[in-house]
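One letter stands for each residue in the lines below.
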Amino acid sequence: MASRFFLDVPLHSDTVITVSDSVAHYLRTVLRLTAGTDITVFNGQGGEFRATIEAIRKHAVEIRVGSFNPDNRSAPADVHLGLCVIKREAMETALQLATELGVRRITPLVSEHLAVSLKTLRNRDQLWQQVIRGSCEQSGLNLPPVLEPMTDFSDFLKQTDGPNRFIAHPDQGLNLITTPLSDAPVYLLIGPEGGFSDAEVKAARQTGFRPVSLGPRILRAAHAPGVLLGIIQGRLGGLNQT
Ligand code: SAM
């Protein structure tokens, strides 16, 4: 697969576009690409385009946009991850796994055991958006998950409905591999490093969330999305070759 680049601009076949922002710097200085190099470009609106570096200039790169491929490599199920905010690198790992596993929506949640100061989270959504786009570049996904605004845990519960609502909790719960799973939207809650509080688990259950467990070993908050979403996508056709 040719190197893929997310370009936040309108893209049309048989046109030449000029990029002069950080992408141009990355193409020119970091990757040292040269004119004539074939790449793939996408803008998150669906599909991707074959493209070729037309010219490398001092502060800009010209790209000739070629044929369009409508394939998004998306997962069929509508999975919405309620991801409690965790420390910086761990959060980035969790976002990467969630994106690579094809979730549709990600809502960063402020929970009782939040181990990060809210002050440091100001504008963190911009970094998270970059991480998600980077995972799309790496994985081949052309429709990035929607990154919702950071939300209080209790407010998020009110935004959910339907039969497929699960809270991942080590101490209790169903086996996600065998529990009934319809084709309605899926909501999955994953806790922070310190886990959910008893009150949060109680409120989630009262809202209709069912606890699911991955057994007696505790996974890092950064790694739990990979396993839980892997099981859900595996059951709902998200790991099939399209
Ligand atoms: N001491 C915390 C507890 O007991 O909940 C550990 C939290 S764990 C580091 C972070 C999150 O990952 C948990 O809140 C849960 O959502 C998920 N998780 C980790 N291990 C799990 C397991 N074995 N079963 C279900 N969820 C798990």
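Here, the structure is the one placed above.
Keep in mind that what you see is a predicted model, and the values were worked out from it rather than measured. (Residues numbered from 1 in each chain as written. Predicted model: local features only at pLDDT ≥ 70, side-chain atom pairs only at ≥ 80, totals over all residues. Heavy atoms only, no water.)

K.L.:
I'd like to hear about the pairing of strand E10 (residues 164–168), residue by residue, with values.
P.N.:
Burial runs high along E10: 5 of the 5 residues are buried. Going residue by residue along E10, you find Asn164, Phe166 and Ala168 tucked away on one face and Arg165 and Ile167 tucked away on the opposite face as well. Pairing analysis gives 4 bridges linking E10 to strand E12 (residues 186–190), with the strands arranged parallel. Opposite Phe166, over in E12, you have Leu188 as the bridge partner. (Buried < 20%, exposed > 50% of the residue type's maximum accessible area, 1.4 Å probe, protein only. Helix = DSSP H or I, 4+ residues; strand = E, 2+ residues; numbered from the N terminus. Pairing = 2+ DSSP bridges.)

K.L.:
Explain the packing of aromatic side chains to me, using residue names and the numbers behind them.
P.N.:
Within the structure shown, the criterion is met by 4 aromatic pairs. Between Phe6 and Phe42 the ring centres are 5.5 Å apart and the planes differ by 80°, which places this aromatic pair in the edge-to-face class. A residue pair is termed long-range when its members are at least 10 positions apart, and Phe6 in strand E1 (residues 4–6) and Phe42 in strand E3 (residues 38–42) qualify at 36 residues. Here the aromatic rings of Phe49 and Phe68 are separated by 4.9 Å at their centres, their planes lie at 50°, and the arrangement is tilted. Of this pair, Phe49 sits in strand E4 (residues 48–56) while Phe68 is found in strand E5 (residues 61–69), placing the two residues 19 residues apart along the sequence. Look at Phe49 and you get buried, because its relative accessible area is 8%. Judged by its relative accessible area of 41%, Phe68 is partly exposed. Geometry around Phe42 places Arg4 over its ring, the cationic atom sitting 4.3 Å from the centre. (Phe/Tyr/Trp six-rings, centres within 6.5 Å; stacked < 30°, edge-to-face > 60°. Lys NZ or Arg CZ within 6 Å of the ring centre and 35° of its normal.)

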